[in-house]
Amino acid sequence: MNGITPATHLLLVIATPLVGAVVAWVLGSRGLSAVRQSAAVTALITLLGAGWLVLRYLQSTEAAAGEAYAVSSAPWLVGGVFDVRLSLGLDGLSIWLFGLSALLSLTAVLVSWNAIQEKPIGFYVLLLLLEAAMLGVFAARDVILFYVFFEFTLVPLFFLIGIWGHEERRRAAVKFFLYTLAGSVLAFLGLLTIVLWNASHTGTVTFDIAALTAGTAAHPLPMSPEKGWLQMIVFLALFAGFAVKVPIVPFHTWLPLAHVEAPTGGSVDLAGVLLKIGIYGFLRFSLPMLPDATAAAAPWLFGLGAAGIIYGALVALVQTDLKRLIAYSSVSHMGYIVMGLFALEPVAVEGANLQLVNHGLSAAGLFALVGMIYERFHTRSIANLGGIATKAPWLTVLFMLFTFSSIGLPGLNGFVGEFLILAGSFQRAWAGVAPSLRAAYLTMAVSAVAGVVLGAWYMLWAVERVFFGGSKEPPRHDAAAHAHDGHAHHHAAHAEADDRCDLAWYEVAALAPLAVFVLWIGLAPATFLAPPSAMLRAATRAAGDSFADRMRRLEDAAPADGRPHLPDRVVEHDHRASRPPLLLTRDRP
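Take unusual backbone geometry next. Following V246, the chain continues into P247 via a peptide bond in cis, with omega recorded as -10°. Within the secondary structure layout, P247 lies in the loop between α10 (230-245) and α11 (254-261). A cis amide bond links V249 with the next residue in sequence, P250, at an omega value of 15°. When you line up the elements, P250 lands in the loop between α10 and α11. Positive phi values are uncommon outside glycine, yet L344 reaches one of about 55°. In this structure, L344 sits in the loop between α15 (322-342) and α16 (346-377). On the basis of relative accessible area, L344 is assigned to the buried category, the value being 2%.

So this is what it looks like as structure tokens:
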């Protein structure tokens, strides 16, 4: 595939699921087997193409320089003052999320292999369309194109939940759609404001993300009592869209219901990829384009991240439904990513970016395994499960692996991301804020450590009850009780207990790649930390410098009390020069 240009390679990867969706539709007349095999082959080809593209990127000069790769641009709405283009490309901010989207799409297809018996054509077509949208949103380099893909991710998942979900699927689908649509409309208005502001200084209405980033750096939106607070207004508009998508507490209420009611394949994509679009939006737009507003809001968002960690963990602790427990654990773990991002500390930001991938792997694996348990025992009630380890040892091993990944066991991927986030948060609290804020930042950092303990508590307690102890026979359900969750024919054919409890070949194929990456990132994290490092520093530099200036002004305005002062320059342009030597801030290869 090196014979084709990187730009063409990227276009082919994004187009493959679209072509595969058409093929699955055409093959629908040949029955369920043909449709799901077609979808699996399409997802596999997409993954192989995306994986090869990632390898080409890692070997490129653009990766070392922190520049865009595989860039293509074609006129779309070009005329007069408008310049809207079909512009695609990858860089350090998007490369891992692009690869993760392709990986988890294959997982979503395989975990649905026997679970979806009703309307399989529509299900697999929508799953492939969702994959194309996820790939596109991380490759878009034009605001309009980004928004098109951003919104397009809502449509397939809305139907996946609403048609193939469980008992409250319609309410879950409507709530998911309305929450995310309302937020994304506000975000789009904020992005249009940035476009018009840049046009007022350049004379050209461009939607190119790189041009807008450079334009807002040269002509920042006003953020002062004298000139107005337009930058903060735009930041809040973007925040509305991205915070709902993450979701940040208290904008999370749609998520647990959507997860619980979604079919397993939908939960895999939702937890593994779609929640990450919000954080990606902050990194791509808010931090580099609105640095002063980001700096002003950072302490509050740092606090919301800490609150989400504790809230999600405490609510997960009292859940009786295993899938709902994993859903609230996602709320808690996304809180770490929010906290790390808005610490505006290079170590924490790198940890948050890595944790996007880590959480995608572990959460997708856990949701997939919960779906497999439900297929076998027709219940997710923790009280009605027990002793599964004796019936399904390999299922138990993989569930424990992803559990240990989720709680941050050293040697696995979750430990690396959480450690960097916590280290960077404490570093910010001790040396990077004004003395008047130090106690609050330290309290929030300590609460994040408490969240680690709570996470281990609720996850290990759930494992103990579900997989060990005395064996329990879950209540039997006839096929009619499941007529609305996409499993009716499956349950009718297997009304009696399923003698085969352990993993089938397609389930092993779905989870094995995730397990490999869980171990790989945990044992060799530099492989995944180094490629996005330059882009992350560039994206967060302006916000970090603005935050340092705010802390300096806050300290200067405080009465002298003999407390230690911040160094003259807390955050230099490389975010490292003024700090005491620290192992965590070493230059990576």
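Picking up where we left off.
Looking now at the packing of helix α4 (residues 95-111) against helix α22 (residues 505-523). The contact between α4 and α22 brings their axes to 8 Å, and the two run at 155°. For the element pair α4 / α22, the angle class is roughly antiparallel. Both α4 and α22 take part in a crossing whose hand is left-handed. Residues L103, L104, T107, L110 and V111 of α4 form the contact with α22, whose own contacting residues are Y506, A509, A510, P513, L514 and F517.

Let us look at the packing of helix α18 (residues 393-407) against helix α20 (residues 435-467). Viewed as axis vectors pointing N to C, α18 and α20 meet at an angle of 170°, and their least axial separation amounts to 9 Å. Between α18 and α20, the crossing angle belongs to the class labelled roughly antiparallel. Mapping the contact onto sequence places L395, T396, F399, M400, T403, F404 and I407 in α18 and V452, G455, A456, M459, L460, V463 and F467 in α20. Within the contact of α18 with α20, the residues separate by chemical class into 11 nonpolar, three polar and no charged.

Let us look at the sheet that holds strand β2 (residues 82-90). If you trace the three strands from one edge of the open sheet to the other, you get β1-β2-β3, paired in mixed fashion. Where the open sheet ends on each side, the last strands, each with one partner, are β1 (69-79) and β3 (205-206). In this sheet, β2 lies alongside β1 in antiparallel orientation, the contact comprising eight bridges. When the sheet's bridge partners are listed, Y69 is paired in β2 with L90. Along the sheet, helix α6 (residues 143-152) contacts β1 and β2; its crossing angle with β2, the most-contacted strand, is approximately 65°.

The terminal C-alpha atoms of α22 lie 27 Å apart, and with 19 residues this matches the ideal 27 Å at 1.5 Å per residue to within 8%. At L511, α22 shows its strongest bend, of approximately 30°, with the proline P513 following within four residues. Residues of α22 that are buried include every one of Y506, E507, A510, L511, L514, A515, V518, I521 and G522, and no others. At its buried positions, α22 is contacted by α4, α16, α18, α19 (413-431) and α23 (526-529).

Here the focus is helix α24 (residues 533-557). Taking 1.5 Å as the rise per residue, α24 with 25 residues should run 36 Å; its terminal C-alpha atoms sit 35 Å apart, in good agreement. Largest kink in α24: about 45°, centred on R541.

The next subject is the side chain of S425. In this fold, S425 is placed in helix α19. Contact partners of S425, with chain neighbours within four places excluded, come to F302, M339, A343, A348 and A445.

Before going further, it helps to examine the nonpolar core. F98, I279 and F282 are the most contacted members of the largest nonpolar core, which totals 201 residues. The element that contributes the greatest number of residues to this core is α16, accounting for 18 residues. Ignoring anything within four residues of it in the chain, the contact list for F98 reads L10, V13, I14, A50, L53, L90, L135, F138 and A139.

This brings us to the pattern of salt bridges. As enumerated under the stated definition, the model contains six salt bridges in all. The partner of D91 in a salt bridge is R284, with the nearest N and O atoms 2.8 Å apart. In this pair, D91 sits in the loop between β2 and α4 while R284 sits in helix α13 (residues 276-289), placing the two residues 193 residues apart along the sequence. Judged on exposure class, the residue D91 and its partner R284 are both buried. Across the pair R376 and E507 runs a salt bridge whose closest N-O atoms are separated by 2.7 Å. Residue R376 is found in helix α16, and its partner E507 is found in helix α22; the two are separated by 131 residues along the sequence. Here the two residues R376 and E507 agree in accessibility, since each one is buried. A single network of salt bridges, built from pairs that share partners, joins D91, R141 and R284.

If you trace the backbone, H333 turns up in helix α15. Sequence-distant contacts of H333, defined by excluding residues within four places in its chain, comprise H359, S406, E418 and Y458.

Moving on, we come to the confidence of the model for the protein chain. For the protein chain, mean pLDDT is 88; residues scoring 70 or higher make up 89% of the total. With pLDDT under 50 throughout, residues 475-499 is counted as low confidence; its partners more than four residues away or in other chains account for 43 contacts. Below a pLDDT of 50 lies the segment residues 567-589, which in the model reaches 52 contacts outside its immediate sequence neighbourhood of four places, other chains included.

Mapped onto the fold, G162 is located in helix α7 (residues 154-164). Of the residues examined, G162 reaches a relative accessible area of 17% and is grouped as buried. Along the chain, G162 and P263 lie 101 residues apart, while their C-alpha atoms are 9.5 Å from each other. The contacts of G162, once residues within four sequence positions are left out, are R169, R170 and A173.

Another aspect to go through is a nonpolar patch on the surface. Together, W76, L77, L86 and V148 line one region of the surface with nonpolar side chains, adding up to about 350 Å² of accessible area. Residue placement: W76 occurs in strand β1.

Cut-offs used in this document
- Residues numbered from 1 in each chain as written.
- Predicted model: local features only at pLDDT ≥ 70, side-chain atom pairs only at ≥ 80, totals over all residues.
- Heavy atoms only, no water.
- Helix = DSSP H or I, 4+ residues; strand = E, 2+ residues; numbered from the N terminus.
- Buried < 20%, exposed > 50% of the residue type's maximum accessible area, 1.4 Å probe, protein only.
- Axes fitted to C-alpha atoms, helices over the stretch in contact; angles between N-to-C directions.
- Parallel < 35°, antiparallel > 145°, perpendicular 65-115°, else oblique.
- Left-handed = near helix turned anticlockwise from the far one by under 90°.
- Contact = heavy atoms within 4.5 Å.
- Nonpolar A, V, L, I, M, F, W, Y, C, P; charged D, E, K, R; others polar.
- Pairing = 2+ DSSP bridges.
- Expected span 1.5 Å × (residues − 1).
- Bend = angle between axes of the 7 residues up to and from the residue.
- Core = buried A, V, L, I, M, F, W, Y, C linked by side-chain atoms within 4.5 Å.
- Salt bridge = Lys/Arg side-chain N within 4 Å of Asp/Glu carboxyl O.
- pLDDT = per-residue confidence, 0-100.
- Patch = residues over 30% accessible without salt bridge, like charges linked within 9 Å, V, L, I, M, F, W, Y side chains within 5 Å.
- Areas by Shrake-Rupley, 256 points an atom, 1.4 Å probe, with all protein chains shown as cover.

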